[in-house]
Amino acid sequence: MASSPCSNSNFDSGLEIKTRSVEQTLIPLVTQITTLINHKDKPKKSERTLTAIHRVGQAVNVAVGRFVAVGEAIASENQELKDEMGQACYEARRAGDAIAQLTDVGSAAPTPSDDHVTVFSDRTAMVKAARMLLSSVTKVLVLADRIVIKQIITSRNKVLVTLDHLERVSTFQEFVQIFSQFGNEMVEFAHLTGDRQNDLKDEKKKARMAAARAVLEKCTMMLLTASKTCLRHPDCESARINKDAVFHRMRCALEQVIEIVTEARSCGENKIPSASICNGIKDFKYTVESLREDLFCLTPQSLTGQLEALVERTEDFTDSAYTSHEQRQSILSLCQQTRQDTQQLVLAWVGVQQSGSSKEATENLEVAILKTCHSMGDLRRELHKVAVGRASDLLKVHGEQLPLRALKAAGAEGNLEAVADYSRKLTEQKEQLVETCRLLCHVSCTEPLEITCIHAEETFHVIGPQIISAAQTLALHPSSKIAKENLDVFCEAWESQLCDMALLLKEINDVFEGRRGDKKPYLSLPRPGKHSAGLKTAKAVKLDAEEQTSMAKLGLELRLLSSDVDAELEKWEEQEHDIIRQSQSLASMAYSMYLFTRGEGLLKTTLDLFHQAEVLSEEGLQLCLSLRTLSMQLIDEEKAAVLTETEKLMALCQQLQMGAKTPVQGKTATFQKVDSTIQTSRSLMAVVLPLLPLCNKLLRKHKSERTSLSSPQDWRETQDTSAPVKEDTALNGNSSNGFGVKSLEEHMASLNLLESK
């Protein structure tokens, strides 16, 4: 019991914790029970120690009682879980009573004749009761989690039924009515799946869920315009093809969500590669280095077979028509070098086996291991350089969206021949992007990034033909406003995916360079057509060369601050903290602004920059709220320090927001606004940077205080104040809830399991 059972993710046979909410709910309970069991067994115990142990035990029992009442209410509403939930609640209540009895230690000087069993006289009984309590409480939570899954499935089924109705409508009036219902159902589904995505522990599942939800988000608008176009032009074959493709993709995404939450395995999941070349290289190096410990862990044939399988996958690079001759020769040369080094390794390996581990043979083996790992590292760096270079070049070339513009113009003119010509160019661009996503997948060193690359590849592969069919429809009906709107929507989806690809490229680089170890969620970057409301009169302009030069110094400072923030965030233990997430978003958006000052990246015009500044200020204000929440847990000087910096940050966010929204006219005024926006963003990041180590230090200190056994007064001072406990739930007037961080019943409320009551 000295170590948290949460780390094992198992308390009972077949009982696995798959969500963070369940795990985080159990941590404070484990902490309190561990404190009870691991108390110092001194002959003399002070009155304060006995009182503290008694209060902990009683508080645990009272909180478990309230928690069980919630579980029983859930069981009464869900007959399929009634028996299992009832048994788990019964065991939890019995264990809570046992802990209360064992911690009823009385006075500091018990009489020798006292036969009352306590935690001091029978530690085994306390361990047994603790195990029963943790097992039963976990089972209640896991059973309750099934209801969340049931809610998602029910919501999906409603969406599917309405989707079928939408596909069969024949009049605009009927379509508008059903689409309104569909929109409400999609909002509900988005909330449920968003909460689930954030709650998943498995990063691979979380990435797959994010990809499926991104498809649904983009397809909802496509479905609207594609269906309207089909209703307006019912005899148009290209319009029907366009609409059918959207409905099919939405159904696939809905099915993928259900596969993730129910853990069903499908052929679609099997298509996801088990490892990229990057991960294959990691595995190969691990195998080679394991020879230091065990010379007989595998055979030379299996090692060379593993190498050849790895080299075979590099053919995606060398066989590509877009790989330059120099790059191809470099990759082939490095592959040959790894073969030679591996062959020398095998000879040294066999030599050690035959010579009985002589000093000379062992040294030769060590040198061979180092050379093989080094050549593998060189190969990995070259592949990364090729893939990232290809992606960067493509984003620069396709940033102007020339084929899309030409397709729109040709369609509006009714020029079918020109549409066919530009469709071929878009198809070539699509094939380049699809292949580049495949190469990026090979150099992605985490599974979430691999999955995001696969999602990007599939998106380009699907949207390309949809744009072409939408352009063909417009060319056949050039005066149709709805056909033009439909083409615009699909083109915006393409541009949006290019934005996501730029973010993905930065994340892959960050991981490769050791700045970040996990894939980050999609940021709220400005997307084409998404932030244009109320800004139709604003004129989007680009900086000229002279203006970019004058912006270079400011941009470089912003880039350095962004990197420093990333470096500070890597030092945090709690990588899921809101402060971490919000600061990462700020750093990424600041980096985008830096690229703008260089004339690179996805922020092409001053209007893009101002939109980005608004989003950055909004994220900064969210960070201020998180900092205020943290300050509520602090006292005196610590609290004042955090609040002082928070006020500075809030003022800068408001200044940035107001500046970005202020309209200007003329080139000089626009440049001054750009300069002011970059300067304010730099000042904002300069305030965030010193806040991060301070908050990290205070959170670690707060966490250590929280887990130590102290008096009830100390518990009250260090209790998490983000979710205040009502007075009527306190024990003997004490505001502590007994678990110190987050009570079990608060967790149940956060899951919204009693919404139907």
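Residues numbered from 1 in each chain as written. Predicted model: local features only at pLDDT ≥ 70, side-chain atom pairs only at ≥ 80, totals over all residues. Heavy atoms only, no water.

### Some words on the overall build of the chain
Link 1 in the chain: For the chain, the helix and strand inventory stands at 24 helices and 2 strands.
Link 2 in the chain: Residues counted as buried form 51% of the 757 residues belonging to the chain.
Link 3 in the chain: Restricting the contact set of the chain to residue pairs at least 6 apart, pairs at least 24 apart contribute 78%. (Helix = DSSP H or I, 4+ residues; strand = E, 2+ residues; numbered from the N terminus. Buried < 20%, exposed > 50% of the residue type's maximum accessible area, 1.4 Å probe, protein only. Contact = heavy atoms within 4.5 Å.)

### Some thoughts on the state of the cysteines
Link 1 in the chain: Scanning the model with the defined rule gives 1 disulfide in all.
Link 2 in the chain: Disulfide pairing places Cys278 opposite Cys445 at an S-S distance of 1.8 Å. Where Cys278 bonds to Cys445 through sulfur, the torsion about that S-S bond is close to 85°, and the disulfide is right-handed. Within this pair, whereas Cys278 is found in helix 9 (residues 277-289), its partner Cys445 is found in the loop between helix 15 (416-442) and helix 16 (447-476), the two being separated by 167 residues in sequence. Summarising the burial analysis for this pair, Cys278 and Cys445 share the class buried.
Link 3 in the chain: Cys437 takes part in no disulfide bond, and the closest cysteine sulfur to it belongs to Cys453, at a distance of 6.6 Å. (Disulfide = S-S within 2.5 Å.)

### Thoughts on the side chain of Gln429
Link 1 in the chain: With respect to the helices and strands, the residue Gln429 is situated in helix 15.
Link 2 in the chain: Among the residues examined, Gln429 registers a relative accessible area of 4% and is labelled buried.
Link 3 in the chain: In contact with Gln429, other than residues within four places in its own chain, are His398, Pro403 and Trp494.

### Considering the packing of helix 5 (residues 172-199) against helix 6 (residues 203-232)
Link 1 in the chain: Interaxial distance between helix 5 and helix 6 falls to 10 Å at its minimum, and their mutual angle equals 175°. Judged on the interaxial angle alone, helix 6 and helix 5 are roughly antiparallel. Within the contact between the two elements, helix 5 uses Phe172, Phe175, Phe179, Phe182, Met186, Phe189, Ala190, Thr193, Gly194, Arg196, Gln197 and Asn198 and helix 6 uses Lys206, Met209, Ala210, Arg213, Leu216, Thr220, Leu223, Leu224, Ser227, Lys228, Leu231 and Arg232.
Link 2 in the chain: Across the contact of helix 5 with helix 6, the residue classes break down as 13 nonpolar, 6 polar and 5 charged. (Axes fitted to C-alpha atoms, helices over the stretch in contact; angles between N-to-C directions. Parallel < 35°, antiparallel > 145°, perpendicular 65-115°, else oblique. Nonpolar A, V, L, I, M, F, W, Y, C, P; charged D, E, K, R; others polar.)

### Focus on the pattern of salt bridges
Link 1 in the chain: Summed over the entire model, instances satisfying the criterion amount to 31 salt bridges.
Link 2 in the chain: As a salt-bridge pair, Arg424 and Asp421 come within 3.6 Å of each other at their nearest N and O atoms. Linking Arg424 with Asp421, this pair stays in helix 15, spanning 3 residues, or about one helical turn.
Link 3 in the chain: For Arg424, a relative accessible area of 54% corresponds to the exposed category.
Link 4 in the chain: In this structure Asp421 comes out as partly exposed when scored by relative accessible area, which is 30%.
Link 5 in the chain: Between Asp510 and Lys506 there is a salt bridge, with its nearest N and O atoms 3.0 Å apart. Within this pair, Asp510 and its partner Lys506 are both found in helix 17 (residues 481-512), separated by 4 residues, close to a single helical turn. Neither Asp510 nor Lys506 differs from the other in exposure class; each is buried. (Salt bridge = Lys/Arg side-chain N within 4 Å of Asp/Glu carboxyl O.)

### Section: the nonpolar core
Link 1 in the chain: Residues Phe317, Leu440, Ile467 and Trp494 are the most contacted members of the largest nonpolar core, which totals 107 residues.
Link 2 in the chain: It is helix 13 (residues 359-398) that contributes the most residues to this core, 14 residues altogether.
Link 3 in the chain: In this structure Ile467 touches Leu404, Leu407, Leu426, Leu487, Phe490, Cys491 and Trp494, once residues within four positions along its chain are discounted.
Link 4 in the chain: Judged by nonpolar contacts, the second largest core, of 45 residues, contains Val615, Leu627, Leu630 and Leu634. (Core = buried A, V, L, I, M, F, W, Y, C linked by side-chain atoms within 4.5 Å.)

### Re helix 16
Residues separated by three or four positions in an α-helix point in the same direction, a consequence of the helix having 3.6 residues per turn.
Link 1 in the chain: Here helix 16 is 30 residues long and its end C-alpha atoms lie 44 Å apart, about the 44 Å a rise of 1.5 Å per residue gives.
Link 2 in the chain: Among the 30 residues of helix 16, 23 are classified as buried, and the element is accordingly described as predominantly covered. (Expected span 1.5 Å × (residues − 1).)

### Observations concerning the environment of Cys445
Link 1 in the chain: Cys445 gets classed as buried once you look at its relative accessible area, which sits at 9%.
Link 2 in the chain: A C-alpha to C-alpha distance of 5.6 Å links Cys445 and Cys278, two positions 167 residues apart in sequence.
Link 3 in the chain: Discounting residues that sit within four places of it in the chain, Cys445 has contacts with Cys278, Asn279, Lys282, Arg380 and Val511.

### Digging into the packing of aromatic side chains
Here the distance between the centres and the angle between the planes together describe a pair of aromatic rings.
Link 1 in the chain: Counting across every chain of the model gives 4 aromatic pairs.
Link 2 in the chain: Ring centres 5.7 Å apart and planes at 50° place the aromatic pair Tyr591 and Tyr594 in the tilted group. Placement of both Tyr591 and Tyr594 in helix 19 (residues 578-597) is noted, with a separation of 3 residues, approximately one turn of the helix.
Link 3 in the chain: Aromatic ring contacts, followed pair by pair, group Phe175, Phe179 and Phe182 into a single cluster.
Link 4 in the chain: Over the face of the ring belonging to Tyr591 we find Lys506, whose NZ or CZ atom lies 4.7 Å from the ring centre.
Link 5 in the chain: Between the NZ or CZ atom of Lys673 and the centre of the ring of Phe610, over which it lies, the distance is 4.1 Å. (Phe/Tyr/Trp six-rings, centres within 6.5 Å; stacked < 30°, edge-to-face > 60°. Lys NZ or Arg CZ within 6 Å of the ring centre and 35° of its normal.)

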